[in-house]
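Observations on the three-dimensional arrangement
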Amino acid sequence: MTGRVEGKVAFITGAARGQGRSHAVRLAEEGADIIAVDICGPVEASSADPSTPEDLAHTADLVKALDRRIVTAEADVRDYGALKAAVDAGVDQLGRLDIVVANAGVAQSAPSLAETDEELWQATLDINLGGVWKTVKAAVPHLLAGGRGGSVILTSSVAGLKPFPTMGHYSVTKTGILGLMRTFAVELGQNMIRVNSVHPSHTNTPMIMHERLYRDFRPDLENPGPEDIIGICQTFHTLPIPWVEPEDVSNAVVFLASDESRYITGVALPVDAGSMLK
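Treat the numbers as computed from the prediction; the structure is a model and nothing was measured.

Below, the discussion takes up the overall build of the protein. From N to C terminus, the protein includes 8 helices and 7 strands. For the protein, the C-alpha atoms occupy an extent of roughly 55 × 40 × 35 Å along the three principal directions. Here the protein displays about 12000 Å² of accessible surface, and carbon together with sulfur accounts for 54% of that area. Once the 23 positive and 35 negative side-chain charges of the protein are each reduced to a mean point, those two points are 8 Å apart.

Right, here's the structure in full:
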C-alpha cells in the first residue's frame, strides 16, 4: 500500500535524527510533505550527544530524495514563539497542515525520584511535557483553519504507562502526555481532529544508544557497548528482542496519521515488544 497520506503535510519535532527522522521519511514515503523542526544543539536533561544542523539537513535530503517537499527550522520546543514561527512558515510554503507528530524529547537517569536534581526535573518537564503542549498549541490553529480534520500523534513511552526506577522524572512527563492526549482528543474531536499517543519501548536511536546508558546497565565492564546490554534490554520484553527500531514506531505513526485510523482517537498505542505484559 502506498500513498496513505498523499497530499498531506506533517509537522514533526525532533526531526533531525532518531525517531523523528524516521517519521519524516516514512510519512514522505507515503506521500506527505514535511515541516521538520529540531533544536540542533546541546540540550539539558539529555545523556545523548546533541543533534546538529547537519543531521537536520540530512533528514531534508532523505525527504527530497523521495520527491517530497520539506521545510526545516532550528527551534527549541520550549520556545513557543519559535515553534509558531516554524509551523507558520511551513504552512505558508506548503499550503496546509494535516498531521502533527510531537516527538521531541530527552532522557537522563537519576539515582531516584527523591534524589533527582531540581534542574534535571525542570528541564525534563519543560521539554517532554511543556514542549509537546506548545507543539500542539502552535499547530491547532492551522488544523482548524483547514477545515479537513487532522491527526495529532504524541510520542510518549512505555514509561508513561508503568514506572521505571531511576527514570521517575522522565516517567512523570511521559505519563503527563496521556493527559494532554486525552484532553486534546476531547476538545478537538468535534472538528474531526484525532489525537493519539505512541508508547515505544527501548528504541534503537541515540537517546539510548550512548556510553552513559551502557555504563548504567553494565557497571561491571570497563568499556561496555551496545552488544553488552542486549541481554538486559531483552528482559524488559515478552518478544525475544532487546529493542525496537525507529521504523517500527514510524509504522504506527503512519497508521495513526492515515485514514485507516479515521475513527481512532484518544488511544495510547504501545510499540513495545510486549513490555506492557511484564
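Glancing now at the packing of helix H4 (residues 118-146) against helix H5 (residues 168-188). Packing of H4 against H5 brings their axes to within 9 Å, and their N-to-C directions diverge by 20°. Relative to H5, H4 is oriented roughly parallel. Taken as a pair, H4 and H5 cross one another with a handedness that is right-handed. Contacts between H4 and H5 pair Leu120, Trp121, Thr124, Leu125, Asn128, Leu129, Val132, Trp133, Val136 and Val140 from the former with His169, Tyr170, Val172, Thr173, Lys174, Gly176, Ile177, Leu180, Phe184 and Leu188 from the latter.

In this section: the pattern of salt bridges. Here the structure, examined in full by the defined rule, presents 16 salt bridges. Arginine 78 is the salt-bridge partner of glutamate 44, the closest N and O atoms lying 3.0 Å from each other. One end of the pair, glutamate 44, is in the loop between strand E2 (33-38) and helix H2 (53-64); the other, arginine 78, is in the loop between strand E3 (70-74) and helix H3 (80-94), and 34 residues separate them in sequence. Linked through salt bridges whose partners overlap, the residues forming this network are Arg4, Arg26, Glu29, Glu30 and Glu260.

Moving on: the nonpolar core. Ranked by internal contacts, the top residues of the largest apolar core, which has 39 residues, are Phe11, Ile35, Leu97, Val152 and Leu154. Among the secondary structure elements, those contributing two or more residues to this core are strand E1 (9-13), E2, H3, strand E4 (99-102), H4, strand E5 (150-155), H5 and strand E6 (193-200). In terms of residues, this core owes the most to one element, H4, which gives 9 residues. With sequence-adjacent residues up to four places away left out, leucine 154 is seen in contact with Ala102, Val132, Val136, Ile177, Leu180, Met181, Asn196, Ser197 and Val198. Within the second largest apolar cluster, 29 residues are counted, among which are Ala15, Ile99, Ala252 and Leu256.

Taken N-terminus to C-terminus, the directions of helix H1 (residues 18-29) and H2 make an angle of 15°; their axes are 9 Å apart at the nearest point. Accordingly, the angle class assigned to the pair H1 and H2 is roughly parallel. Helix-helix and strand crossings are classified by hand; for H1 and H2 the assignment is right-handed. Contacts from Arg21, Ala24, Val25 and Ala28 in H1 reach Asp55, His58, Thr59, Leu62 and Val63 in H2. Its residues assigned to classes, the contact of H1 with H2 comprises 5 nonpolar, 2 polar and 2 charged.

What counts and what doesn't
- Residues numbered from 1 in each chain as written.
- Predicted model: local features only at pLDDT ≥ 70, side-chain atom pairs only at ≥ 80, totals over all residues.
- Heavy atoms only, no water.
- Helix = DSSP H or I, 4+ residues; strand = E, 2+ residues; numbered from the N terminus.
- Areas by Shrake-Rupley, 256 points an atom, 1.4 Å probe, with all protein chains shown as cover.
- Lys, Arg positive; Asp, Glu negative; His and termini not counted.
- Charge placed at Lys NZ, Arg CZ, Asp CG, Glu CD.
- Axes fitted to C-alpha atoms, helices over the stretch in contact; angles between N-to-C directions.
- Parallel < 35°, antiparallel > 145°, perpendicular 65-115°, else oblique.
- Left-handed = near helix turned anticlockwise from the far one by under 90°.
- Contact = heavy atoms within 4.5 Å.
- Salt bridge = Lys/Arg side-chain N within 4 Å of Asp/Glu carboxyl O.
- Core = buried A, V, L, I, M, F, W, Y, C linked by side-chain atoms within 4.5 Å.
- Buried < 20%, exposed > 50% of the residue type's maximum accessible area, 1.4 Å probe, protein only.
- Nonpolar A, V, L, I, M, F, W, Y, C, P; charged D, E, K, R; others polar.

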